[in-house]
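# A closer look at the structure
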Amino acid sequence: MIKAKKLCAALLAAIAVLTVSGCKGNERYGELTGAVENTNAYKNYEVSFYMSITSETLDITNMFAQGQISIDKSDKLKMSGAMTQYAFEETAAVNLYYEGGKYYTDIPDQDVKAYTEISEDVLLEQFIFADASLFDAKQVKTLKVTEESGLTTYDFTVKPESDEFGRLLGENLYLFSGAGNPDIDKTVFGDAVCSYVVRNDEKPVLHSVSITFPIAVYNKMPYVPGVKYKEDDFRVDVTATLRMNYKAFGEATSVKVPDDLDDYMHESDITIEHE
């Protein structure tokens, strides 16, 4: 009897792991859909993020960015935050601000304060600023649900429309793929490995999102009469990793406006010297 009670207690304390399919899978994915919709319904929120593009062909990380931002979508988009970014073999700390169609960047180590014009629609398509991705249930495979300590984790793979992944990366994909002359129409996106963690509050919301997917980028082949090239010789394989952690929602967040916006210059008037 004692052994039975101990076994029962151990089972109750264990993490509940379920691999679901069919109707049950649709039901559990429907729960995740509700949590994503609840999350995206918030107009004010604070998140930390990480994104990277790694070349599998060259075995190097071409870029990464990680940081934290506060977003206000209640009227016209406003955003403030800070991040550390690595690109073109240089690392820099950057302060960010967006308002009125202008994206401001402050790089203290380089004494650079610049802005560029970018529309809200374009900015809100990219991963850091976009709503959490919601995939069609028909695209979801191998859904596994894990429950522990007030959190539910949904692990699955998905093959969404290719333009959806391209939208999340924006120009970063081709800028940092390592392809010098990409043939954009030939880009192939592989299955994404996703992990969505939901906080089981009275109104469930996302705690974190992780999406990793491979991409094949092809350079344009030169035309030389009489020469036939192999397409794979012009292929570059990269892996994109996107992570988001939701820190706060609603009144617990605030966008901080820099007090020196008049000191920022248009990016076309800035010259940065590289070592």
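In the block above lies the structure referred to throughout.
A brief structural summary. (Residues numbered from 1 in each chain as written. Predicted model: local features only at pLDDT ≥ 70, side-chain atom pairs only at ≥ 80, totals over all residues. Heavy atoms only, no water.)

Attention now moves to empty space enclosed by the protein. Applying the stated criterion across every chain, the model contains 2 cavities of 30 Å³ or more. Reported here for the largest cavity is a volume of approximately 60 Å³. Every residue lining the largest cavity is listed: Phe127, Ala130, Asp131, Ala132, Ser133, Leu168, Tyr196, Val209, Ile211, Met244 and Tyr246. Here the lining of the largest cavity is built from residues that sort into 9 nonpolar, 1 polar and 1 charged. The calculated volume of the second largest cavity comes to roughly 40 Å³. If you go around the second largest cavity, the residues you meet are Thr39, Asn40, Tyr42, Tyr45, Asp131, Ala132 and Tyr246. Residue composition of the lining of the second largest cavity, by class: 4 nonpolar, 2 polar and 1 charged. (1 Å grid on protein atoms, 1.4 Å probe; cavity = no way out; pocket = protein on both sides within 12 Å on 5 of 7 lines; lining within 4 Å. Points joined across faces, edges and corners; volume = space filled by probe spheres on them. Nonpolar A, V, L, I, M, F, W, Y, C, P; charged D, E, K, R; others polar.)

In this section: the pairing of strand S11 (residues 192-199). The pairing of strand S9 (residues 151-158) with S11 spans 8 bridges and is antiparallel. Note that in S11 the partner of Tyr154 across the bridge is Tyr196. The pairing of S11 with strand S12 (residues 205-218) spans 7 bridges and is antiparallel. By the bridge assignment, Ser195 is partnered in S12 with Ser210. Linking S11 to S12, which pair antiparallel, is a turn of 5 residues. (Pairing = 2+ DSSP bridges. Helix = DSSP H or I, 4+ residues; strand = E, 2+ residues; numbered from the N terminus.)

So, on to unusual backbone geometry. At Glu89, a position not held by glycine, the phi torsion is positive, near 65°. Within the secondary structure, Glu89 sits in the loop between strand S4 (78-87) and strand S5 (90-99). Among the residues examined, Glu89 registers a relative accessible area of 72% and is labelled exposed. Of note in the backbone geometry, Thr142 takes a positive phi value of approximately 50° without being a glycine. Taking the relative accessible area as the measure of exposure, Thr142 reaches 59% and is therefore exposed. (Buried < 20%, exposed > 50% of the residue type's maximum accessible area, 1.4 Å probe, protein only.)

Counting residues in each nonpolar core, the largest one holds 62 residues, and the members touching the most others are Phe156, Tyr196 and Phe213. The contact partners of Tyr196, leaving out residues within four places of it in the chain, are Leu32, Val36, Ser133, Phe135, Thr152, Thr153, Tyr154, Phe156, Leu206, Ser208, Val209 and Ile211. (Core = buried A, V, L, I, M, F, W, Y, C linked by side-chain atoms within 4.5 Å. Contact = heavy atoms within 4.5 Å.)

The subject of this paragraph is the packing of aromatic side chains. Evaluation of the coordinates by the stated rule reveals 17 aromatic pairs. An angle of 45° between the planes, with centres 6.3 Å apart, marks the rings of Tyr45 and Tyr246 as tilted. Taken together, the residues Tyr45 in strand S2 (residues 44-55) and Tyr246 in strand S13 (residues 235-249) connect sequence positions 201 residues apart. In this pair, the class of Tyr45 matches that of Tyr246, namely buried. (Phe/Tyr/Trp six-rings, centres within 6.5 Å; stacked < 30°, edge-to-face > 60°.)

The subject of this paragraph is the layout of surface pockets. Put simply, the largest pocket is a space of about 1,200 Å³. Taken together, 37 residues make up the lining of the largest pocket; nearest its centre are Met83, Gln85, Tyr103, Thr105 and Glu171. When residues of the lining of the largest pocket are traced back to their parent elements, those giving at least two are strand S3 (60-72), S4, S5, strand S6 (102-107), strand S7 (112-117), helix H4 (162-169) and helix H5 (172-175). The element contributing the most residues to the lining of the largest pocket is S5, with 5 residues. Its residues assigned to classes, the lining of the largest pocket shows 26 nonpolar, 8 polar and 3 charged. Taken together, 16 residues form the lining of the second largest pocket, with Ser80, Gly81, Asn95, Leu96 and Lys256 sitting closest to its centre.

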